[in-house]
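# Structural features, examined
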Amino acid sequence: MAKITLDDIGKIYPDGTRAVGHVNLDIQDGEFLVLVGPSGCGKSTILRMIAGLEEITEGKLYIGDQLVNDVPPKDRDIAMVFQNYALYPHMSVFDNMAFGLKLRKMPKEEIKRRVLEAAETLEITEFLDRKPKALSGGQRQRVAMGRAIVREPKAFLMDEPLSNLDAKLRVQMRTELSLLHKRLGTTTVYVTHDQVEAMTLGHRVAVLRAVSPQRPYNLQQVAPPTELFNEPVNLFVAGFIGSPAMNMVYGHLEADGDTVWAVFAGNRVKVDPVALERHPGIDERMGDRLVLGIRPGNFEAASHVAGADPDKQIEVNVEVTEMLGNETFVHFLLDEEPVMTPDIQELLGAAAEEEAVMGHKTQFTARVSPDVPVTAGDRLALVIDTAKMHFFDPTHGVRIGATPPPGMEAMVQS
Amino acid sequence: MGTTPSLADHDTTGTSSDGGGPNGGRLGALRTVAAVAAIAAIIVVLAVSASYLRDENANRLLQVLLAIALGVVGVWAFYWAMDRGVSALPEALSERVRPIVFVGPAAVILGVYLVYPAINTIIISFMDRQSENFVGVDNYIDVFTKSDTLTSIRNSILWVIIVPVITVAIGLAFATLVDKLSKRSEASAKSLIFLPMAISFVGASVVWGFVYSFRPAGFGNQIGILNAIWTALGNDPINWLSVQPWNNAFLMVIVIWAQVGFAMVILSSAIKAVPSEIVEAARIDGASEIQLFWKVVFPSVLSTVVVVWTTLVITVWKLFDIVYVMTGGRDGTSVIAERMVTEFFKNFNFGAGAALAVILFVAVTPVMVINVRRFQAEEAIR
C-alpha cells in the first residue's frame, strides 16, 4: 500500500493534441479516489498514465516515494481491473489469478493459498477450473478483481469495472466493492462516468472535464461526495453531480434591509441567511445578474409542508409528472431564457442545440413527495428550501465566493 | 375474364394448382407446360451456345462475349427457370424437388470433375502402365521398393516436417516484429515480405536458379550470387544443387522464402486480434515482453498457427514445380508429386503415377480433416 502523487501531470499526443493538463492529486494511503467526468474528459488517460500504459509527457508521478515516470508497468507494483475484464481466455480462473504471482516466481503453496483465499472472498471457488468463456459477466468481473487482489499490490486501478454489468448486478457489485475496500484498505483509483458510482464509492471524488486550448486543465473539483454535492465549485460540477441535475436559472438578488430576495423569471423568494453565509462576498453582488441553482430535492409541494413560508413559494404550471413510487418528479417551465454558459454547453453536448430550440423557457424539475396529487396541467405551489440555494457567476460559471478551479483564476479576477 | 368467378379462379391457381375448378386445373397444367418448355428452351440455348464455343472457325470475340454472357446470364436464367418450373409443380412435390434442383447441378459438376477422376485414378493405380490389365497392388509394391520412389517419399516426409515449421516460425517472428513498427513502416515491411507470394513457384525457381547458378572454374564469371561470394572468399565454385543431401535444403529455402509472407500476413492479423486489454493486463501483471509473447499472445493465436501450419503441410505435400524446374528430381531431390508427374508424363507409366497420386491423396487427407475441423471450431466460437 502506498500513496500516489500526481504532480502537474499532463499528456500531449505526438500530433500535438492535449488530453490531460496540470493534474495535481495527492491520493492518500488507503484512500478510495474516484475520477469522474463525461466521456473525453481524460479520466481513463490519467489512470493509464498511473498504470504505466500511457507515457507521461508532463509532470511527475510518484507511487509511494518513488518517482515512476519511467518505470514500466510491471515494476510499478499496481494492479488494474479493466472494463471488459481482460481475462486470459486460454487460462482457467485459477491460472488467471495466479498468473501475476507465477511471473514473480512466488512459491507454489503461497500462490495456492492466496488464490484460494481471494476466491473464497469473492465466492468464486467453484469456478476455479473453468475458462473465462464459461462464466457470466458478474463472475468474470469477480475473477478480474481476484486477479488484482492476490497480487497484494500498492494500489488498485479500476477502469469503469462495473459498466459492462446489467443495472441490478452493478448495484450489488458496487456494494461488494465498497466492503472489499473497507477490508483490504488498499489505495484505489477508480474511473467512472457514472456519478452515482462516484458518490457512493469515493472517499473523495475528482470531477474532470475535457481540456480546451484556452483552459488546459482537467480537474474541476476534488472533494468528498457531500461537499461536491453541497458546494459545487462551478456550474460544470453542479450540473454533473446529482440526478436529476440541478435546476439553473438566471436571476438576481435584492437586499431589502436585513432580508435578501432572489428574483428570477417573475418570481421573488426570500433567501435564507444560511445560503448567503455559504457564498462569501455575495453582498457585493446584489443586483448583479447571477445563475441561481436549486436542486430538485430542495422543492416540496407547499400543501405538504406544515407552516410553509409564503415568502419562499413559487406557483408553477405542471408540464409533466413522473411518479417513481418513492418520489414524484414535477417538470415545469420558467419564463426565462435557458442558462447557456460554456460549462452547460459542454455538459449537454448534442442536447445543447435542442435546448436552444426551446427558446426562452428554462426547464425545471422539482421532487415532491409521492402522495402529492398532481398531474400535467395542474397549477402547483412549491416551497423552496432557500438555505440550500446556489449562486454562480453567469460569465465563467464559478460559484460565488469559491476558490476557482485551476486554470480559471484569471477569469474570476477580471 | 372481367367477371368475379374467373377472378377467383385465377386466385386459386396462383396458390395451389390442384384445388381450383376445372378452369383453374387447366390453367395450372398450362403453366406447368410453359415452365417445362421454358426450361427446355434454356437447356437448348445452353447446348447450342456450348457447341458454338467449340467451333474453331467462329469469331473469337463473339465467342468470348458469349462465354461471359453464358457464365453470368446463362447460369442465372437456368436457375430462374428451374425455380419457376419447380414452383409450378404441386406444392407437396415442389418442396421436395426444390433442394435437388438447386444442389443438383453443382453435385453433378462436382461428381464429373472431382469424384469420378478420383475413383478412376484409384482404379488405374491397380492396372499396368497402359491401364490395360489388372495388376493388383504391384504398382504400390514398386513404389515402396524401388529406390527412386523411396527417395522421393523420404524427401517428401522431410519437406513436410521441416518446411511448414520453419515457415510458421519465421512468419510468426516477422508478424510479431512488424507489429511493433509504426503503421506506415509496418505496411511497407509487410508488402516486401509478402511480395514473393505474388510469384509462382516456377517464377521463384527461375529467380533462385540465378542465386544457385554454377559455372565450373574457368568457364567465365560466377553469375550466381552464392558462388560469387563463395569464390570471392577464395574457394572453388560449387554446384549447390548437386550437393547431397544439402541440395534438398537449398530447395526448401525457396518454398520458405515464397510462403513466409503468407504465414506472416495471416498470423499478423491474428496477433492484432488479440485484445489490447489482455496484453496490457499481462504487462501490469508483471510479464516481460518475451513472457508476454509466449504466455499470452502465442496461446491466443495458436489456432491460427495450426491453420497456417496445416495449409503449408498440404502445399508442401503437393509441391512439384520447384523440384521439377530446379533439378528435375536429380541428385536425390525428387519428391512424391514430382515423381508422379514424371511417371505420368515422361515415363507414361500410368499405373505407377496413379499409385503415387493415391498415396499423396491419402497423405493429405488427415491434414485436410484437421484443417476443416479446426475451421469449424473457429466458426463455432464466433
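Since the structure is predicted, the reported quantities are computational estimates derived from the model, not experimental observations.

The secondary structure content of chain B amounts to 15 helices and 0 strands. The dimensions of chain B, computed from C-alpha atoms along their principal axes, are 105 × 70 × 45 Å. The buried share of chain B, reckoned over its 382 residues, is 26%.

On to the interface of chain B and chain A. Listed by partner, the interface residues are 14 residues for chain B and 17 residues for chain A. Elements with a minimum of two residues in the side of chain B that touches chain A: α11 (276-285) and α12 (289-317) of chain B. If one sorts the elements of the side of chain B that touches chain A by residue count, α11(B) sits on top with 7 residues. Along the lines of polarity and charge, the residues of the side of chain B that touches chain A split into 7 nonpolar, 3 polar and 4 charged.

As a further point, take the confidence of the model for chain B. Residues and elements named next belong to chain B. Put simply, chain B has an average pLDDT of 83, and 91% of its residues get 70 or more. Predicted confidence in chain B is weakest over helix α1 (residues 4-15), with a mean pLDDT of 40, and strongest over α11, with 93. Confidence over residues 1-22 falls short of pLDDT 50; this stretch has 18 contacts with residues more than four positions distant or in other chains. Among the scores for the predicted complex, ipTM is 0.84 and pTM is 0.77.

Our next topic: the domain arrangement of chain B. Structurally, chain B comprises domain 1 (18-124) and domain 2 (138-381). Computed over C-alpha atoms, the centres of domain 1 of chain B and domain 2 of chain B are 43 Å apart.

Our focus in this paragraph is the sheet that holds strand β6 (residues 78-81) of chain A. Residue and element names in this part refer to chain A. Taking strand neighbours across the sheet as the criterion, the 6 strands line up as β6-β7-β8-β3-β9-β10 in an open arrangement whose pairing is mixed. Two strands bound the open sheet, and with one partner strand each, they are β6 and β10 (219-223). For this sheet the average axis-to-axis angle between neighbouring strands, irrespective of direction, equals 15 degrees. With 5 bridges connecting them, strand β3 (residues 32-36) and strand β8 (residues 187-192) associate as parallel partners.

Turning next to the pairing of strand β11 (residues 247-256) of chain A. All names here are of chain A. The pairing of β11 with strand β14 (residues 290-294) spans 5 bridges and is classified as antiparallel. When the bridges of β14 are listed, M248 appears paired with G293. Here β11 folds back onto strand β12 (residues 259-264) in antiparallel fashion, the turn holding 2 residues, of which G257 has a positive phi close to 65 degrees.

Now for helix α4 (residues 91-124) of chain B. All names here are of chain B. Its 34 residues place the ends of α4 46 Å apart at the C-alpha level, agreeing with the 50 Å of an ideal helix rising 1.5 Å per residue. Within α4, the axis deviates most sharply at G111, by approximately 45 degrees. Burial analysis of α4 places just 1 of its 34 residues in the buried class, a small minority of the element.

Moving on to the pairing of strand β9 (residues 204-208) of chain A. Within a regular strand, the side chains alternate between the two sheet faces. Residue and element names in this part refer to chain A. Taken across its 5 residues, β9 has 5 buried, putting it largely inside the fold. The alternating pattern of β9 places R204, A206 and L208 on one face and V205 and V207 on the opposite face, and all of these are buried. Where β3 meets β9, 4 bridges bridge the pair, whose relative direction is parallel. Bridge pairing in β9 links L35 to A206. Two elements, β9 and β10, share 4 bridges in a ladder whose sense is antiparallel. Bridging across to β10, V207 finds its partner in Q221.

Let's shift gears to the nonpolar core. Counting 173 residues, the largest nonpolar core has A:M80, A:L157, A:V189 and A:L382 as the members making the most contacts within it. Not counting residues up to four positions away in its chain, the partners in contact with A:L157 are A:L47, A:I50, A:A51, A:I78, A:M80 and A:V189.

All names here are of chain B. Residues of helix α8 (residues 201-211) that are buried include every one of F201, A204, S205 and W208, and no others. Projected onto a plane normal to the axis of α8, the buried residues spread over an arc of 105 degrees and lie on a single side. In α8, the exposed residues that point more than 90 degrees away from the buried face are V202 and F210. Turning to α8, the residues buried within the fold contact α10 (246-273) and α13 (321-326).

Glancing now at the packing of helix α2 (residues 93-103) of chain A against helix α4 (residues 137-150) of chain A. All names here are of chain A. Orientation of α2 relative to α4, taken along the N-to-C sense of each, is 30 degrees, at an axis distance of 8 Å. Relative to α4, α2 is oriented roughly parallel. Crossing of α2 over α4 shows right-handed handedness. Across the interface between the two elements, V93, N96, M97, G100 and L101 of α2 pack against V143, G146, R147 and V150 of α4. Looking at the contact of α2 with α4, its residues break down into 5 nonpolar, 3 polar and 1 charged.

Further remarks concern the sheet that holds strand β17 (residues 328-334) of chain A. Two pairing modes exist for strands in a sheet, parallel and antiparallel, and in both the strands are linked by backbone hydrogen bonds. Residue and element names in this part refer to chain A. Spatial ordering of the open sheet is given by β15-β19-β16-β17-β18, a layout of 5 strands whose pairing is antiparallel. Both outer strands of the open sheet, β15 (299-301) and β18 (362-368), are each paired with one neighbouring strand and no more. The average undirected angle you get between the axes of adjacent strands in this sheet is 50 degrees.

The omega torsion across A:S243 and A:P244 is -5 degrees, close enough to zero to call that bond cis. Structurally, A:P244 can be placed in the loop between α8 (235-240) and β11. Despite not being glycine, A:D77 shows a phi value in the positive range, around 55 degrees. Tracing the backbone through its elements, the reader meets A:D77 in the loop between β5 (66-67) and β6. Judged by the 20 C-beta atoms lying within 10 Å of it, A:D77 is buried. With a phi close to 55 degrees, B:D331 is a non-glycine residue in the positive phi region.

Calculation criteria
- Residues numbered from 1 in each chain as written.
- Chains lettered and ligands numbered in written order.
- Predicted model: local features only at pLDDT ≥ 70, side-chain atom pairs only at ≥ 80, totals over all residues.
- Helix = DSSP H or I, 4+ residues; strand = E, 2+ residues; numbered from the N terminus.
- Buried ≥ 20, exposed ≤ 12 C-beta atoms within 10 Å, placed from the backbone.
- Contact = placed C-beta atoms within 7 Å.
- Nonpolar A, V, L, I, M, F, W, Y, C, P; charged D, E, K, R; others polar.
- pLDDT = per-residue confidence, 0-100.
- Domains from an automatic or database assignment.
- Pairing = 2+ DSSP bridges.
- Axes fitted to C-alpha atoms, helices over the stretch in contact; angles between N-to-C directions.
- Expected span 1.5 Å × (residues − 1).
- Bend = angle between axes of the 7 residues up to and from the residue.
- Core = buried A, V, L, I, M, F, W, Y, C linked by C-beta atoms within 7 Å.
- Arc of directions from axis to C-beta.
- Parallel < 35°, antiparallel > 145°, perpendicular 65-115°, else oblique.
- Left-handed = near helix turned anticlockwise from the far one by under 90°.

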